[in-house]
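Topology and contacts: notes
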Amino acid sequence: MRYGSVCSGIEAATAGWHRLGWEPAFFSEIEKFPCAVLQYHYPDVPLHGDFTTIKENEYGKIDLLIGGTPCQSFSVAGLRGGLDDDRGNLALEFCRLAQREQPRWIVWENVPGVLSSNGGRDFGSILGALEDIGYGLAYRVLDAQYFGVAQRRRRVFVVGHLGDWRPAAAVLFERHSMSGSPAQSGSARQEVANQTKGCTGRSGCIEWERPKIVGPLTAGMHKGARGTEAVESGHIVSTTHSPVRRLTPVECERLQGFPDNFTAIPWRNKQAENCPDGPRYKALGNSMAVPVMRWIGERIQMVEDLKI
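All figures in this text were calculated on a predicted structure; none of them were measured in a lab.

Within helix H8 (residues 277-285), the full set of buried residues consists of Arg280, Tyr281, Ala283, Leu284 and Gly285. Of the surrounding elements, those touching the buried residues of H8 are helix H2 (32-41) and helix H7 (249-256).

Our focus in this paragraph is helix H9 (residues 290-306). Between the first and last C-alpha of H9 there are 24 Å, a value that for 17 residues agrees with the 24 Å anticipated at 1.5 Å per step. All of the buried residues along H9 are Val290, Pro291, Val292, Met293, Trp295, Ile296, Gly297, Arg299, Ile300 and Val303.

A word on the packing of aromatic side chains. Under the counting rule described, the total for this entry stands at nine aromatic pairs. Here Phe123 and Tyr139 contribute two aromatic rings whose centre-to-centre distance is 5.0 Å and whose plane-to-plane angle is 80°, an arrangement assigned as edge-to-face. Taken together, the residues span a long stretch of sequence, with Phe123 in helix H4 (residues 121-132) and Tyr139 in strand S6 (residues 135-143) at a distance of 16 residues. An aromatic cluster is present here, built from Tyr3, Trp17 and Trp22 joined pairwise through their rings.

What follows deals with the pairing of S6. The two faces of the sheet receive side chains in turn, since in a regular strand these alternate between them. Among the nine residues of S6, eight are classified as buried, and the element is accordingly described as predominantly covered. As judged from the nine bridges shared by S6 and strand S7 (residues 154-162), these two strands associate in the antiparallel manner. By the bridge assignment for S7, Gly136 is matched with His161.

Our focus in this paragraph is the packing of helix H5 (residues 165-172) against H9. For the pair H5 and H9, interaxial distance at closest approach is 8 Å and the crossing angle is 135°. The orientation of H5 with respect to H9, classified from their angle, is oblique. For the element pair H5 and H9, the recorded crossing hand is right-handed. Taking contact as the criterion, the partners of Pro167, Ala170, Val171 and Leu172 in H5 are, on H9, Trp295, Ile296, Arg299, Ile300, Met302 and Val303. Residues belonging to the contact of H5 with H9 are distributed by class as follows: nine nonpolar, no polar and one charged.

In this section: the side chain of Glu174. Here Glu174 lies in the loop between H5 and helix H6 (175-178). A polar contact of 3.3 Å, which involves the side chain of Glu174, links it to the side chain of Arg140.

In this section: the pattern of salt bridges. Per the stated rule, a full pass over the model turns up 10 salt bridges. Here Glu31 makes a salt bridge to Lys282, at a shortest N to O gap of 3.8 Å. On the criterion of sequence distance, the pair formed by Glu31 in the loop between strand S2 (23-28) and H2 and Lys282 in helix H8 is long-range, its members being 251 residues apart. Classification of Glu31 as partly exposed rests on a relative accessible area of 39%. Across the salt bridge formed by Arg104 and Glu304, the nearest N and O atoms sit 2.9 Å from each other. Placement of the pair is Arg104 in the loop between helix H3 (86-101) and strand S5 (105-110) and Glu304 in helix H9, with a sequence separation of 200 residues. Using a relative accessible area of 29% as the deciding quantity, one classes Arg104 as partly exposed. Judged by relative accessible area, which is 22%, Glu304 ranks as partly exposed. Here the salt bridges do not stand alone but share partners, grouping Asp63, Arg104 and Glu304 into one network.

Cut-off values and rules
Residues numbered from 1 in each chain as written. Predicted model: local features only at pLDDT ≥ 70, side-chain atom pairs only at ≥ 80, totals over all residues. Heavy atoms only, no water. Buried < 20%, exposed > 50% of the residue type's maximum accessible area, 1.4 Å probe, protein only. Helix = DSSP H or I, 4+ residues; strand = E, 2+ residues; numbered from the N terminus. Contact = heavy atoms within 4.5 Å. Expected span 1.5 Å × (residues − 1). Phe/Tyr/Trp six-rings, centres within 6.5 Å; stacked < 30°, edge-to-face > 60°. Pairing = 2+ DSSP bridges. Axes fitted to C-alpha atoms, helices over the stretch in contact; angles between N-to-C directions. Parallel < 35°, antiparallel > 145°, perpendicular 65-115°, else oblique. Left-handed = near helix turned anticlockwise from the far one by under 90°. Nonpolar A, V, L, I, M, F, W, Y, C, P; charged D, E, K, R; others polar. Polar contact = N/O pair within 3.5 Å; in protein donor to acceptor, adjacent residues only side chain to side chain. Salt bridge = Lys/Arg side-chain N within 4 Å of Asp/Glu carboxyl O.

Set out below in structure tokens:
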């Protein structure tokens, strides 16, 4: 599987998909620090800037296009500018790139606020644009806490397959959820999106000893203390009886599913061990969760192998 990634950030998709043997054809990112992270870890992968300038077949034929276009215009914090905001309009630019490239698969990610932005019309416009260029679609809200990381992080994922909705649905929905069957008794399943019948966030995750869960990481979390919980030695521990402190960058990397010190790179004439915390926090707060991307990739590979 050969894929192109736009609004790449620090590439949660590639971190989740490398074990599948998939090949990144190109990344696209404009923020300086994430670009430096990508160049440090993936020096042989072409790094494009503004993805709206990618020409048809510029990096060769791709099988999949992945992108998490800026979410601020669809969030409450971003004042819900929707598609009227330049950042929100990048979602439609993603659709235009898909039209130029015509990959077999597309994966698009955003915050749950996109579902209600402009009374749902913005999300409808995005889905309509993808349908108009030939994609059959499925969408679902997935929460990272049910995929093995101790962070509440609900995100909308749209999966599209060129010419047929059934492969896309097979990726995002298990047999029980597509048939409307209830969750098995005793399982810790939780409804995560009442907009889609049978959507449960627990599905597909590995079994894990449930730690305390922190709220979603944000790009601006370095500006103040993050709260009264922290991660130590891979576990979440309460700091209720000790001074409140912010999470460290390594703790944030773990909460997003990245390897320790993944974002500790040489930066602005400083060695990796002296990389400043601020840009690391911002990059991690803007990233997707690696285990969720791994699950989606594994499901796509399963569908490819079964030729659904």
